[in-house]
Amino acid sequence: MSSKVYCTAQFKPKPGKEESVFQALQALEPNAHREDACIQYTVTRKIDNPFADGTSYPIVFHEIWADRASFEAHCQRREVQAFFAEYVEAEDGDVEDANVCVYTDEPADFDAPKL
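Bear in mind that the values here come from a model prediction, so they are computed numbers and not experimental data. (Residues numbered from 1 in each chain as written. Predicted model: local features only at pLDDT ≥ 70, side-chain atom pairs only at ≥ 80, totals over all residues. Heavy atoms only, no water.)

Looking at the overall build of the protein chain
Point 1. When helices and strands are tallied, the protein chain shows four helices and four strands.
Point 2. Overall, the protein chain shows an N-to-C arrangement of helices and strands of β-α-α-β-β-α-α-β.
Point 3. Within the span of the protein chain, comprising 115 residues, buried residues form 30% of the whole.
Point 4. Across the protein chain, the fraction of contacts at a sequence separation of at least 24, relative to all contacts at a separation of at least 6, is 72%.
Point 5. Split by element, the accessible area of the protein chain, about 7700 Å² in all, is 51% carbon and sulfur.
Point 6. Taken together, the 11 basic and 22 acidic charged side chains of the protein chain have centroids lying 3 Å from each other. (Helix = DSSP H or I, 4+ residues; strand = E, 2+ residues; numbered from the N terminus. Buried < 20%, exposed > 50% of the residue type's maximum accessible area, 1.4 Å probe, protein only. Contact = heavy atoms within 4.5 Å. Areas by Shrake-Rupley, 256 points an atom, 1.4 Å probe, with all protein chains shown as cover. Lys, Arg positive; Asp, Glu negative; His and termini not counted. Charge placed at Lys NZ, Arg CZ, Asp CG, Glu CD.)

Following this line, the structure appears as structure tokens:
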């Protein structure tokens, strides 16, 4: 059974704040990579491409965690909570909107063996 958790965190910066938000998110990467259960933690910015022209927020974090408990512990770190408080939740924050979702790679009816 896979216990991995996949997180996609999208951010829509306020006009003119794209670089500020991107740099603030990049600053979170080094300490997240120190967490034992962090498999991937990479902030990306949208680029134009004729083969992938869908809509999305311009800044997206791609995360993979070993398990749900580790992801939830990461979300409670002071550094992560401070980012959301300052950039997302504050009236004068640089983020207009954020969309954070988690996923599993298991089918809904997967009969995982009990080990």
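So much for the structure itself; the text now carries on.
Here's the deal with the UniProt feature "domain: ABM" (unreviewed entry) in the protein chain
Point 1. Residues annotated in UniProt with the feature "domain: ABM" (unreviewed entry) correspond here to residues 5-103.
Point 2. End-to-end, the C-alpha atoms of residues 5-103 are 6 Å apart, and along that stretch the chain is 34% helix and 33% strand. (UniProt positions renumbered as here; feature names shortened; annotations may be inferred.)

Describing the pattern of salt bridges
Point 1. Applying the stated criterion to the full structure yields five salt bridges.
Point 2. Across the pair E19 and R45 runs a salt bridge whose closest N-O atoms are separated by 3.4 Å. Pair noted here: E19 is in helix 1 (residues 18-26) and R45 is in strand 2 (residues 38-45), with a separation of 26 residues, a long-range link.
Point 3. By relative accessible area, E19 is classed as partly exposed at 40%.
Point 4. Here R45 falls in the partly exposed class, since its relative accessible area comes to 39%.
Point 5. Measuring nitrogen to oxygen at the nearest pair gives 2.8 Å for the salt bridge that ties E72 to R68. (Salt bridge = Lys/Arg side-chain N within 4 Å of Asp/Glu carboxyl O.)

A look at the nonpolar core
Considering soluble globular proteins, one finds that nonpolar side chains tend to be buried as a cluster.
Point 1. Counting residues in each nonpolar core, the largest one holds 22 residues, and the members touching the most others are F11, V21, L25, Y41, I59, F61 and F83.
Point 2. When residues of this core are traced back to their parent elements, those giving at least two are strand 1 (5-13), helix 1, strand 2, strand 3 (59-65) and helix 4 (78-89).
Point 3. For L25, the contacting residues outside a window of four places in its chain are F11, V43, I59, F61 and F83. (Core = buried A, V, L, I, M, F, W, Y, C linked by side-chain atoms within 4.5 Å.)

Remarks on the sheet that holds strand 1
As a general point, the strands of a sheet are linked pairwise by backbone hydrogen bonds and lie either parallel or antiparallel.
Point 1. Here we have four strands laid out as an open sheet, ordered 2-3-1-4, and antiparallel in their pairing. If you trace the sheet from one side to the other, it starts and ends with strand 2 and strand 4 (95-103), each paired once. When strand polarity is set aside, the average angle formed by the axes of neighbouring strands in this sheet is 10°.
Point 2. Lying over the sheet, helix 1 contacts strand 1, strand 2, strand 3 and strand 4, oriented at roughly 165° with respect to strand 2. (Pairing = 2+ DSSP bridges. Axes fitted to C-alpha atoms, helices over the stretch in contact; angles between N-to-C directions.)

Overview of helix 1
Point 1. Among the residues of helix 1, those classed as buried are V21, F22, A24 and L25. Down the axis of helix 1, the smallest arc covering the buried residues is 165°, so these residues share one side.
Point 2. The elements touched by buried residues of helix 1 are strand 1, helix 2 (29-33), strand 2, strand 3, helix 4 and strand 4. (Arc of directions from axis to C-beta.)

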